[in-house]
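Residue-level listing of the chains:
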Amino acid sequence: MSETRQERKPEEFTGREYEAGFVTDIETDTLPPGLNEDVIRHISAKKEEPEWLLNWRLEAFRHWQTMQEPHWAHVNYPPIDYQAISYYSAPKSQKDGPKSLDEVDPKLLETYAKLGIPLREQEFLAGVAVDAVFDSVSVATTFKGKLKDAGVIFCPISEAVREYPELVQQYLGTVVPTGDNFYAALNSAVFTDGSFVYIPKGVRCPMELSTYFRINALNTGQFERTLIIADEGSYVSYLEGCTAPQRDENQLHAAVVELVALDDARIKYSTVQNWYPGDENGVGGIYNFVTKRADCRGARSRVSWTQVETGSAITWKYPSCILRGDDSVGEFYSVALTKMRQEADTGTKMIHIGKNTRSTIVSKGISAGFGQQSYRGLVRIGKSAEGARNYTQCDSLLIGENCGAHTFPYVEVKNPTATMEHEATTSKIGEDQLFYCQSRGISEEDAVNMIVNGFCKDVFNELPMEFAVEANRLMEVSLEGAVG
Amino acid sequence: MMIKIENLHASVDGKEILKGINLTIGAGEVHAIMGPNGSGKSTLSNIIAGRDGYTVTSGSITYKGKNLLEMSPEQRSWEGIFLAFQYPVEIPGVNNTYLLKAGVNARRKHHGEQELDAMEFLQLVREKAKLVELDPSFLSRGVNEGFSGGEKKRNEIFQMAVLEPSLALLDETDSGLDIDALRIVAGGVNKLRSSDRSIVMVTHYQRLLDYIVPDVVHVLADGKILKTGGKELALELEERGYDWVRQEAAA
């Protein structure tokens, strides 16, 4: 006789089902696949852009054509055919741009409601203003009026180009130049929408701002561009969420986010990234190749990046801070989960230029199934950065035998007064930890979640309340395919 | 009768560790299982609690009239089995109280009882913490995170007090404890003795048994229970070692 109860091994911990995988059936205005100057002219014309922006795009495109796709990241994927992607897709009903929520296609409202972003109720329930970006266009922005009263500008970037051209022209591309890297150049050439935020001097933004990105159309890339400017002494907390339908084809998402913090300004930028990760065999999923950078331009400015990365087939992302202003502070708090066949190469760059600049990096990587994950981080202390300090903590948690965790820390110190601290750990969810929890009456599945959430606690504590709950839920690693 | 083990054979990685254990424990009884290193004492308690990695090749365990070996570890916990670990595990970032609350409520749910809310539970744990003189600050710390050896053992008995088991297995609970800590832990266990709760102590030494006096003492060696006696057997073992038991059994 042998024990007959079912045994389940940690490598069978794969992931909860992807709940955002549905497709919205909506008529679209989609450009045929392919990329050339005509396509860029077409996008620019659709957005009724001024001449300078078209020229800016074309310059980026010409630069991009001379560039090579980077392959230094610790990820593997088949070559991308950039001519097979459509660079613009918008719901037809959006053509003339809805003036209010009442004019938004009900199908779109329904889509966001299904994703837990009820654009209507949101207005009454939570203190969060939402910009909803569907494929290539922003479909709705809530609370615009209330924000305007505070002097805060929160609108689609395409609208900002028309309404506040001086602000956009002054700051666009100043943090991430058009030729910064392959994907940033591509984004600069073809970006379609995204959010624009301006917080005037001394204003504390009265509510959380949030953009919800949704890829829906087939064979379409999403290239959003976000620009946030926090003027002297202002404060803003911004949240970003992303989902996409479940499809067998890979889709490209190459965003650029630029943050500018002037003297004494503070920006808190939080991301919960849940793009479709592909299936358990690695079929489908989003390629998430994103450039996010903050310029702490002003003295005593402060930028915090908090990210929870649970989706995408491939992630290539390094939210960074250029600590230019004296006494400026950069923070990076990250939880990344790779399960099934997901791969992530993510981390940050902290570039210390100003005096007494401080940076903190807390990175928590969790790998399960066949997931592969790399932390890649650069801390550079420039010659001028007298008294700079960095603290880096980088922990990896492995679930099962077939996943991997890798760490690539780069440190460059050119000023002898710098203080650097680095801590790193790698651990496995032990069979003994699981059994301990089970012997206290907790199921194996709940025990894994409890251990994973405990591991992520330091980072979750940094998230705004609205996101902390969602983050906890997304981290649920469930059991599938139990064997007898 | 609480638990009945019949002709239990079990192996680890193909090596037979338990070679026919027979053991019956009645409700309210306190048994001590003593024996030399590597005799199979911890294997036995781990198999009762349902740990992976052991293959039961023959025999049976009947617990409260049910086939214990068919149950998952959490089901065994819900049915009232508790193992105080020899080496309690650290789980960073997971709050001690949170773990226990999840365990208690999972069991209540299993038995169709209403789950305790945060306030009710806090009241319960505060009361139980007093049993083992556990500083309330431990309740909000990570599970065994940064606890000293003695604190970990005390935490185990505290968990036992909260989970109120029918059958508690104490695996080398005395190891790593200084005399003051031993007194406190043993005092906690004694307060938890009751007519409907059975306790099995697995230990090398007589020392613990001075504080928690057993009803029955077994000698486990070479995968078998070689001798069973009263509390005086423990004193004899302390004095004479285990070899004479082996010889007697062989004869």
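Here is what the cut-offs are and how they apply
- Residues numbered from 1 in each chain as written.
- Chains lettered and ligands numbered in written order.
- Predicted model: local features only at pLDDT ≥ 70, side-chain atom pairs only at ≥ 80, totals over all residues.
- Heavy atoms only, no water.
- Helix = DSSP H or I, 4+ residues; strand = E, 2+ residues; numbered from the N terminus.
- Rg over C-alpha atoms; globule rule 2.2 N^0.38 Å.
- Buried < 20%, exposed > 50% of the residue type's maximum accessible area, 1.4 Å probe, protein only.
- Contact = heavy atoms within 4.5 Å.
- Areas by Shrake-Rupley, 256 points an atom, 1.4 Å probe, with all protein chains shown as cover.
- Lys, Arg positive; Asp, Glu negative; His and termini not counted.
- Charge placed at Lys NZ, Arg CZ, Asp CG, Glu CD.
- Phe/Tyr/Trp six-rings, centres within 6.5 Å; stacked < 30°, edge-to-face > 60°.
- Pairing = 2+ DSSP bridges.
- Axes fitted to C-alpha atoms, helices over the stretch in contact; angles between N-to-C directions.
- Parallel < 35°, antiparallel > 145°, perpendicular 65-115°, else oblique.
- Left-handed = near helix turned anticlockwise from the far one by under 90°.
- Nonpolar A, V, L, I, M, F, W, Y, C, P; charged D, E, K, R; others polar.
- Disulfide = S-S within 2.5 Å.
- UniProt positions renumbered as here; feature names shortened; annotations may be inferred.
- Polar contact = N/O pair within 3.5 Å; in protein donor to acceptor, adjacent residues only side chain to side chain.
- Salt bridge = Lys/Arg side-chain N within 4 Å of Asp/Glu carboxyl O.
- Buried area = accessible area lost by both parts, 1.4 Å probe.

Visitor: Please give an account of the overall build of chain B that cites residues and values.
Guide: Across its full length, chain B carries nine helices and 12 strands. For a compact globule of 251 residues, the expected C-alpha radius of gyration is about 18 Å, and chain B comes in at 18 Å, within 12% of that figure. Considered along the principal axes of its C-alpha atoms, chain B spans approximately 60 × 40 × 35 Å. Taken across its 251 residues, chain B has 55% of its residues classed as buried. Considering only residue pairs separated by 6 or more positions, chain B has 68% of its internal contacts joining residues 24 or more positions apart. With the model as given, the accessible surface of chain B reaches about 10600 Å², and the carbon-plus-sulfur share is 47%. If you average the places of the 29 positive and of the 35 negative side-chain charges in chain B, the two averages end up 1 Å apart.

Visitor: Account for the overall build of chain A, naming residues and giving values.
Guide: For chain A, the helix and strand inventory stands at 11 helices and 23 strands. By residue count, 63% of the 484 residues in chain A fall in the buried class. Taking the intrachain contacts of chain A between residues at least 6 apart in sequence as the baseline, contacts between residues at least 24 apart amount to 84%. Summed over all atoms, the accessible surface of chain A reaches about 18000 Å², with 47% contributed by carbon and sulfur.

Visitor: Can you explain the packing of aromatic side chains? Please cite residues and give values.
Guide: How two aromatic rings sit relative to each other is set out by the distance from centre to centre and by the angle between their planes. Residues and elements named next belong to chain A. Applying the stated criterion across every chain yields a total of 21 aromatic pairs over all chains. Both rings, one in Tyr183 and one in Phe289, keep their centres 4.7 Å apart while their planes meet at 40°; by these two values the pair is tilted. Of this pair, Tyr183 sits in helix H8 (residues 182–190) while Phe289 sits in strand E13 (residues 285–296); the two residues are 106 residues apart in sequence, bridging distant segments of the chain. Judged on exposure class, the residue Tyr183 and its partner Phe289 are both buried. Both rings, one in Tyr287 and one in Phe289, keep their centres 5.8 Å apart while their planes meet at 15°; by these two values the pair is stacked. Owing to a relative accessible area of 7%, Tyr287 belongs among the buried residues under this scheme. Take Phe289: its relative accessible area is 0%, and that puts it in the buried class. These aromatic residues form a ring-pair network of at least three members: Phe61, Trp64, Trp72, Tyr77, Tyr82, Phe182, Tyr183, Tyr287, Phe289, Trp316 and Tyr318.

Visitor: I'd like a rundown of the sheet that holds strand E1 (residues 3–12) of chain B, residues and numbers included.
Guide: Residue and element names in this part refer to chain B. On the basis of which strands lie adjacent, the open sheet formed by four strands has the order E2-E1-E4-E5 and antiparallel pairing. The open sheet has two edge strands, strand E2 (15–25) and strand E5 (66–67), and neither has a second partner. Where strand E4 (residues 55–63) meets E5, two bridges bridge the pair, whose relative direction is antiparallel. In the sheet register, Thr62 faces E5, and the bridge partner there is Asn67.

Visitor: Let's hear about the packing of helix H5 (residues 149–163) of chain B against helix H6 (residues 179–192) of chain B: which residues, and what values?
Guide: All names here are of chain B. Put simply, H5 and H6 touch, their axes get as near as 10 Å, and they point 15° apart. Relative to H6, the element H5 is oriented roughly parallel. Here H5 runs over H6; the crossing is left-handed. Listed contacts from H6 to Arg154, Ile157, Met160 and Ala161 of H5 are Ile184, Val185, Gly188, Val189 and Leu192. Within the contact of H5 with H6, the residues separate by chemical class into seven nonpolar, one polar and one charged.

Visitor: Lay out helix H1 (residues 41–49) of chain B with the relevant residues and their values.
Guide: Residue and element names in this part refer to chain B. Among the nine residues of H1, eight are classified as buried, and the element is accordingly described as predominantly covered. Listed in full, the buried residues belonging to H1 are Lys41, Thr43, Leu44, Ser45, Asn46, Ile47, Ile48 and Ala49. Of the residues flanking the end of H1, it is Gly50, one or two places downstream, whose phi is positive at about 95°.

Visitor: I'd like to hear about the environment of A:Ala471, residue by residue, with values.
Guide: Residues and elements named next belong to chain A. Take Ala471: it is sitting in helix H11 (residues 465–474). Among the residues examined, Ala471 registers a relative accessible area of 0% and is labelled buried. Sequence separation between Ala471 and Gln273 is 198 residues; the distance between their C-alpha atoms is 9.5 Å. Those residues within four positions of Ala471 in sequence are excluded, and the remaining contacts are Val308, Phe460 and Leu463.

Visitor: Lay out the state of the cysteines with the relevant residues and their values.
Guide: Residues and elements named next belong to chain A. Applying the stated criterion across every chain, the model contains zero disulfides over all chains. The structure places no disulfide on Cys155, whose sulfur is separated from the nearest cysteine sulfur, that of Cys205, by 13 Å. Unpaired in this structure, Cys296 has its nearest cysteine sulfur neighbour in Cys321, at a distance of 5.1 Å.

Visitor: Which residues make up the UniProt feature "domain: SUF system FeS cluster assembly SufBD N-terminal" (unreviewed entry) in chain A, and what are the values?
Guide: As annotated in UniProt, the feature "domain: SUF system FeS cluster assembly SufBD N-terminal" (unreviewed entry) corresponds to residues 148–205 of chain A in the numbering used here. Spanning residues 148–205 of chain A, this segment combines 43% helix with 16% strand, and its end C-alpha atoms are found 10 Å apart.

Visitor: Lay out the environment of B:Thr97 in plain terms, naming residues and giving numbers.
Guide: Residue and element names in this part refer to chain B. Mapping Thr97 onto the fold places it in helix H3 (residues 96–110). Given the relative accessible area of 13%, Thr97 is considered buried. Not counting chain neighbours up to four residues away, the residues in contact with Thr97 comprise Phe121, Val125, Leu139 and Ser140. At a separation of 2.5 Å, a polar atom in the side chain of Thr97 contacts the main-chain carbonyl oxygen of Leu139.

Visitor: A description of the pattern of salt bridges should follow, citing residues and the corresponding values.
Guide: Residues and elements named next belong to chain A. Applying the stated criterion across every chain, the model contains 29 salt bridges over all chains. A salt bridge links Arg300 to Asp264, with the shortest nitrogen-to-oxygen separation between them at 2.7 Å. Remark: Asp264 occurs in the loop between strand E11 (256–261) and strand E12 (266–273) and Arg300 occurs in the loop between E13 and strand E14 (302–309); sequence separation between them is 36 residues. Glu309 is the partner of Lys317 in a salt bridge, and the nearest nitrogen-oxygen pair spans 2.3 Å. For the pair formed by Lys317 and Glu309, the shared burial category is buried. Connected through salt bridges with shared partners, the residues Glu37, Arg41 and Arg62 form a single ionic network.

Visitor: Any chance you could break down the interface of chain A and chain B for me, citing the residues and the numbers?
Guide: Each partner contributes residues to the interface: chain A has 24 residues there, and chain B has 41 residues. Carbon and sulfur atoms make up 57% of the surface buried where chain A meets chain B, a total of about 2700 Å² over both sides. For the salt bridge of A:Arg440 with B:Glu156, the shortest nitrogen-to-oxygen distance reads 2.7 Å. Linking chain A with chain B are 11 residue pairs in polar contact (both at pLDDT 80 or more). At the level of elements, helix H9 (431–439) and helix H10 (444–460) of chain A are the ones that each hand at least two residues to the side of chain A that touches chain B. In the side of chain A that touches chain B, the residues fall into eight nonpolar, eight polar and eight charged.

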